[in-house]
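Coordinate analysis (summary)
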Amino acid sequence: MIKKRIAAAVVVKNNRVVQSFAYRRYLPVGKPVDVIQNLDRWSVDDIIILDIDRSSKNLEPNYEIIKEISSIPISTPLTYGGGISSVKDAIQVIATGAERIIVDNLFIKNPNMLKSISKSIGSQGVVVCLPIKLINGKAFHYDYIKKE
């Protein structure tokens, strides 16, 4: 029997958790640490942090937010995505406290880099997340940076 797992996606913009409406409008939710602590208390199976400012602004991963979250006592595995563009970034994200990385933009722009990252941190530590939009029954990748 397949066990259902609940993965909570926490969207971060400008160091605040937000609710995203089609990557166009954002409703502030709160501080990342507070949201993460609540999700941990609610016994979700995985917490995924998607820092949507990082790749679109060509910034490196937000190591400070990873450090802050990994310093609180939670038992839920943490996956981080945002600004990861190299093996060095991926290794540093893991060293800072995340258990896995999640990528979208890197998979589209440089799949060979993703292979290198998988070799360095292990394929179990890499997750690819692709926003998909259905148009007339056909699936299309939505590029949130280009908005197309």
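Notes on the structure in this doc start here.

In this section: the overall build of the chain. Along the chain, the regular secondary structure elements total six helices and nine strands. When the backbone C-alpha atoms are referred to their principal axes, the chain occupies close to 45 × 40 × 35 Å. Counting all 148 residues of the chain, 42% fall into the buried class. A sequence separation of at least 24 residues applies to 58% of the contacts in the chain between residues at least 6 apart. Distance between charge centres in the chain, computed from 21 positive and 14 negative side chains, equals 6 Å.

The geometry of two aromatic rings is summed up by the distance between their centres and the angle between their planes. Across all of its chains, the model carries zero aromatic pairs by this definition. In this structure, Lys-13 is placed above the aromatic ring of Tyr-26, and the distance from its NZ or CZ to the ring centre is 5.0 Å. Above the face of the Phe-21 ring, Arg-25 is positioned so that its terminal group lies 4.7 Å from the ring centre.

Another point: the nonpolar core. Val-10, Tyr-80, Ile-84, Val-93, Ile-101 and Ile-117 are the most contacted members of the largest nonpolar core, which has 29 residues in total. Residue assignment for this core shows that the elements contributing at least two residues are strand S1 (7–13), helix H1 (32–41), strand S4 (46–51), helix H3 (63–70), strand S5 (78–81), helix H4 (87–96), strand S6 (100–103) and helix H6 (111–121). Discounting residues that sit within four places of it in the chain, Val-93 has contacts with Pro-61, Tyr-63, Ile-66, Tyr-80, Ile-84, Ala-98 and Ile-101.

A word on the packing of H4 against H6. Contact geometry of H4 with H6 gives a least axis separation of 9 Å together with a crossing angle of 40°. Taken together, H4 and H6 sit at an angle that is classed as oblique. Judged by the twist between their axes, the crossing of H4 over H6 is right-handed. Across from Val-87, Ala-90, Ile-91 and Ile-94 in H4, the residues of H6 making contact are Met-113, Ser-116, Ile-117, Ser-120 and Ile-121. Here the residues of the contact of H4 with H6 sort into seven nonpolar, two polar and no charged.

Moving on: the pairing of strand S3 (residues 25–30). Sheet analysis places strand S2 (residues 16–21) next to S3, joined by five bridges and oriented antiparallel. Counterpart to Gln-19 in the pairing with S3 is Leu-27. The turn joining S2 and S3, which pair antiparallel and follow one another in sequence, is formed by three residues; a positive phi near 60° is taken by Ala-22.

The rules behind these values
As a convention, each chain's residues are numbered from 1 in the sequence order in which they are written. For this predicted model, a pLDDT threshold of at least 70 governs which residues receive local features, and a threshold of 80 or more governs which side-chain atom pairs are given and counted, while totals over whole chains, interfaces and linings are taken from all residues. Side-chain measures here rest on the full set of heavy atoms in the structure, leaving out hydrogens and waters. Numbered from the N terminus, helices here are DSSP runs of H or I no shorter than four residues, and strands are runs of E no shorter than two. Relative accessibility decides the category of a residue: with a 1.4 Å probe and only protein chains considered, values under 20% of the type maximum give buried, values over 50% give exposed, and everything between is partly exposed. We call two residues in contact whenever any of their non-hydrogen atoms come within 4.5 Å of each other. Charge assignment in this entry is limited to Lys and Arg as positive and Asp and Glu as negative, and neither His nor the chain termini are counted. Working definition for charges: the position is that of NZ of Lys, CZ of Arg, CG of Asp or CD of Glu. Working definition: rings of Phe, Tyr and Trp (its six-membered ring) pair if their centres are within 6.5 Å, and the pair is stacked with planes under 30 degrees apart, edge-to-face with planes over 60 apart, and tilted otherwise. Either the NZ atom of lysine or the CZ atom of arginine qualifies as a charge over a ring when it sits within 6 Å of the ring centre and within 35 degrees of the ring normal. The criterion is simple. A nonpolar core is a set of buried Ala, Val, Leu, Ile, Met, Phe, Trp, Tyr and Cys residues joined through side-chain atoms within 4.5 Å. Fitting a line to C-alpha atoms yields each axis, with helices limited to the stretch in contact; the angle taken between N-to-C directions then spans 0 to 180 degrees. Every angle not falling under 35 degrees, over 145, or within 65 to 115 is termed oblique; those three ranges are roughly parallel, roughly antiparallel and roughly perpendicular. Two helices that cross are described as forming a left-handed crossing if the nearer one is turned anticlockwise from the farther one by less than a right angle, and a right-handed crossing if clockwise. Gly is put with the polar residues, along with every residue not named as nonpolar or charged; the nonpolar set is Ala, Val, Leu, Ile, Met, Phe, Trp, Tyr, Cys and Pro, and the charged set is Asp, Glu, Lys and Arg. Strands are labelled as partners when DSSP assigns at least two bridges between them.

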